[in-house]
Amino acid sequence: MLGIYDLVRLVDANECRELTFTPDGNIIPADSCYSVWDADQRCANCSSYKAFKSQTRVEKEEYFENKKYHILSNPIELIHEDGSRTECVMECITVSNESVVMGQGGNGVKGMDSRSLLDSLTGLYSWDGFYEKARDTFQNSQDSEWVLIIYNIVQFKLINDLFGIPKGDEVLMKVAKLLKSKLSDGEICGRLRGDQFAVLIHKDNFDGRFVISASRELPGLLQSSQYHLHIQAGVYYVSDKTAPISSMCDRANIALSTIRGETNIHVAIFNESIMDKMLHEQYVINECERAIQAGEFMMYLQPQVREDGHIVGAEALARWVRSNGEVVPPMEFIDILERSDLIVKLDTYIWKMAAKKLAEWKDTDKSELYISVNISPKDFFYIDVYEFFEGLVKGYDIDKSKLKLEITETIMMRDALKQLALVNKLHNEGFEIEIDDFGKGYSSLSLLKDINADTLKIDKEFLKETDNDKKSENILGSVIDMSDRLSMKVITEGVETKNQLDRLVKLGCHTFQGFYFAKPMPVEDFDVIWKDNNGSL
């Protein structure tokens, strides 16, 4: 690679430092990244920092000592022999002897126009400027205590979508003015990126003033019945003023991430328990990716049966079985993977296993069985679900109606028209669509109106005992009756007792899934039960 570039190096873009390798393959931090440019601060508009944060390749040109440097920053992940990973950026640099006329400031980073430290839209500090000013503030106030706050405007993208980018820019300028108006002497404010702002204030001044009062004044900045401005904040009490400013901002952002999606919570304060939770989630994510590659995830099947116990099909469920035989409970990893892109890898892995099993069942006594697979909302976002399932049924030569697709109403929460068209296309092409957790959300009835579905899976919450069992039974009966009128089949989940089964049969439900019949089990156990009991439980 050095035959193509003049310099190739790895950098830790968060900490602004180069990375080197020891003879045994360990990574150690070396000099400050910006020492290459004979500077004493992060390079303005650092391409590697932007590449690291966006996880996309970024290019830029830098001028130093009358030479032009072309920098290609590529985010990469190093995988070590023990399975651990290091995220960093590979910089590929070419040097030109092209003569450059510099401005009055001089050469390199030290001479860059001071306006690069300011955000051109709001006039606040840019992220370069905020970091530099925060460092100066800490150095010049050794005895003071500080609080760093990161702000985010909730669903700011909607402003651009509804009113246009100029209105969005206007709102950002008004928010900047509002935050700046609340600063005391020595406190600083910056716009780090997009709709994200940062404020560094004296600890004694932090009493909710920067969040609560701003939240009260914020709605008045945009008069609209379609959208109401809301702001949320992550707070970090600075404990080590020598730490990188980026790590302080990361901690405030970690706190902020815990309340995203919460409409009634405005402030989250960073603490070590939040960090422990984040580290645990990252550990699970890293472990799950390794486990998928190692084949530790297995497809379990939970039978779906008629009232007499005869098996008509099964739902495919992912189970993590470690190499030592330990089964990791789904509650410990499913939600975490749902918040990451890894749920897509896991889902597609299980879909393939289900299709393969259906192919094995062809021309056997299990040829009439079906397998239902779950589709996450993120699956629709990251892959072409239609093409994927079309490829599966063709590749394994299986009947589309035997591979049933379970969706929930949450798939309609983003780009509803596109998702609706895609689901209906799958249905029209012969796939059977099941609406999972029916009745658990808020728009289930609306979903029925718009979507072509074949089966309703009634949520187990309907079976719980309440103070008004008669009302619950009437609602359940109405749902089953409605399904009949819509020519839809019904499966009730979570059946655990004979009494529940008898009630459901009386109400007109004829297909069931739950612990009363069987728990999810390895495919081998499913095959044994089928063989030993002639297809019944």
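Conventions and cut-offs
Residues numbered from 1 in each chain as written. Predicted model: local features only at pLDDT ≥ 70, side-chain atom pairs only at ≥ 80, totals over all residues. Heavy atoms only, no water. Helix = DSSP H or I, 4+ residues; strand = E, 2+ residues; numbered from the N terminus. Buried < 20%, exposed > 50% of the residue type's maximum accessible area, 1.4 Å probe, protein only. Contact = heavy atoms within 4.5 Å. Areas by Shrake-Rupley, 256 points an atom, 1.4 Å probe, with all protein chains shown as cover. pLDDT = per-residue confidence, 0-100. Core = buried A, V, L, I, M, F, W, Y, C linked by side-chain atoms within 4.5 Å. Salt bridge = Lys/Arg side-chain N within 4 Å of Asp/Glu carboxyl O. Phe/Tyr/Trp six-rings, centres within 6.5 Å; stacked < 30°, edge-to-face > 60°. Lys NZ or Arg CZ within 6 Å of the ring centre and 35° of its normal. Pairing = 2+ DSSP bridges. Axes fitted to C-alpha atoms, helices over the stretch in contact; angles between N-to-C directions. Expected span 1.5 Å × (residues − 1). Polar contact = N/O pair within 3.5 Å; in protein donor to acceptor, adjacent residues only side chain to side chain. Patch = residues over 30% accessible without salt bridge, like charges linked within 9 Å, V, L, I, M, F, W, Y side chains within 5 Å.

Caption draft 1: Seen up close, the overall build of the protein chain. Broken down by element type, the protein chain carries 16 helices and 21 strands. Within the protein chain, the fraction of its 537 residues that count as buried is 48%. Across the protein chain, the fraction of contacts at a sequence separation of at least 24, relative to all contacts at a separation of at least 6, is 64%. Taken as a whole, the protein chain presents about 27,600 Å² of accessible surface, with 49% of it coming from carbon and sulfur.

Caption draft 2: The confidence of the model for the protein chain, seen in detail. A residue-level look at the protein chain finds 82% of positions with pLDDT of 70 or above and a mean pLDDT of 81. A low-confidence stretch, residues 37-41 (pLDDT under 50), is modelled with 15 contacts involving residues beyond four sequence positions or located in other chains. Under a pLDDT of 50 for its full length, residues 98-115 has, in the predicted model, 24 contacts with residues more than four places off or in other chains.

Caption draft 3: Just the nonpolar core, in detail. By size, the foremost hydrophobic cluster in this structure holds 75 residues, and its most contacted members are L301, F333, V373, F389, L403 and L405. Per-element accounting of this core gives the leading share, ten residues, to helix α9 (residues 342-361). What F389 contacts, discounting residues up to four positions off in sequence, is W351, V373, I375, L403, L405 and F431.

Caption draft 4: The arrangement of the pattern of salt bridges in detail. Taken as a whole and assessed by the stated rule, the structure comprises 26 salt bridges. Between R290 and E287 there is a salt bridge; the shortest N-O distance is 3.1 Å. Taken together, the residues R290 and E287, both in helix α7 (residues 272-294) and three residues apart, mark about one turn of the helix. On the accessibility criterion, E287 (15% relative accessible area) is buried. Between K366 and D527 there is a salt bridge, and its shortest N-O distance comes to 3.7 Å. In this pair, K366 sits in the loop between α9 and β15 (370-374) while D527 sits in helix α16 (residues 523-532), placing the two residues 161 residues apart along the sequence. The class of K366 is buried, set by a relative accessible area of 11%. Relative accessible area serves as the criterion here: at 23%, D527 is assigned to the partly exposed category. Here the salt bridges share partners, and the residues they tie into one network are E287, R290, E296, R322 and E326.

Caption draft 5: Representation of the packing of aromatic side chains in the model. Applying the stated rule across the entire model yields 15 aromatic pairs. In textbook terms, an aromatic cluster arises when at least three aromatic residues are bridged by ring pairs, as seen for W351, F388, F389 and F431. Lying over the aromatic face of Y370, K404 brings its terminal NZ or CZ to 3.8 Å of the ring centre. Cation over ring: K519 sits above F515, and NZ or CZ is 5.4 Å from the ring centre.

Caption draft 6: Structural detail: the sheet that holds strand β9 (residues 196-202). Across the sheet, which stays open at both edges, the five strands sit in the order β8-β9-β7-β10-β11 with mixed pairing between neighbours. Every other strand in the sheet has two partners, leaving β8 (188-193) and β11 (267-269) as the edge strands with one partner each. Taking each pair of neighbouring strands and ignoring which way they run, the sheet shows an average axis angle of 20°. The strands that helix α6 (residues 245-257) touches are β7 (146-153), β8, β9, β10 (231-237) and β11; relative to β10, the one it contacts most, it runs at about 130°.

Caption draft 7: Geometry of the environment of F206. Among the structural elements, F206 can be located in the loop between β9 and α5 (209-217). Setting aside its immediate chain neighbours within four residues, F206 contacts V147, I149, I201, V235 and Y237.

Caption draft 8: Inspection of helix α12 (residues 416-428) at higher detail. Taking 1.5 Å as the rise per residue, α12 with 13 residues should run 18 Å; its terminal C-alpha atoms sit 18 Å apart, in good agreement. Looking one or two residues beyond α12, the residue adopting positive phi is G430, at roughly 115°.

Caption draft 9: Structural context of the side chain of S48. Structurally, S48 can be placed in helix α1 (residues 47-54). A polar atom in the side chain of S48 sits 2.9 Å from the side chain of S73. Apart from the residues within four sequence positions on either side, S48 is in contact with V11, A13, S73, V89 and E91.

Caption draft 10: Local environment of the pairing of β15. Burial within β15 is extensive, with four of its five residues counted as buried. When strand β13 (residues 311-321) meets β15, the two strands line up parallel, connected through three bridges. Bridge pairing links A314 to I371 in β15. Summarising the sheet, β15 and strand β16 (residues 403-407) pair through four bridges and their orientation is parallel. Within β16, the position partnered with V373 by the bridge is L405.

Caption draft 11: Spotlight on a nonpolar patch on the surface. Among the surface-exposed residues, Y237, V267 and I269 lie close enough to one another that they form a single nonpolar patch of about 210 Å² accessible area. You can call I269 partly exposed: its relative accessible area is 38%.

Caption draft 12: Structural context of the environment of M173. Looking at the secondary structure, you find M173 in helix α4 (residues 165-180). The class of M173 is partly exposed, set by a relative accessible area of 39%. Taking the C-alpha atoms as reference points, M173 and T122, 51 residues apart in sequence, are found 5.0 Å from one another. For M173, the contacting residues outside a window of four places in its chain are L121 and T122.

Caption draft 13: Quick look at unusual backbone geometry. With phi around 55°, D437 is a residue other than glycine that occupies positive phi space. Looking at where D437 falls in the secondary structure, it is placed in strand β17 (residues 433-438). The phi angle at S487 is positive, at roughly 55°, despite the residue not being glycine. Tracing the backbone through its elements, the reader meets S487 in the loop between α14 (469-485) and β19 (489-492). By relative accessible area, S487 is classed as exposed at 67%.

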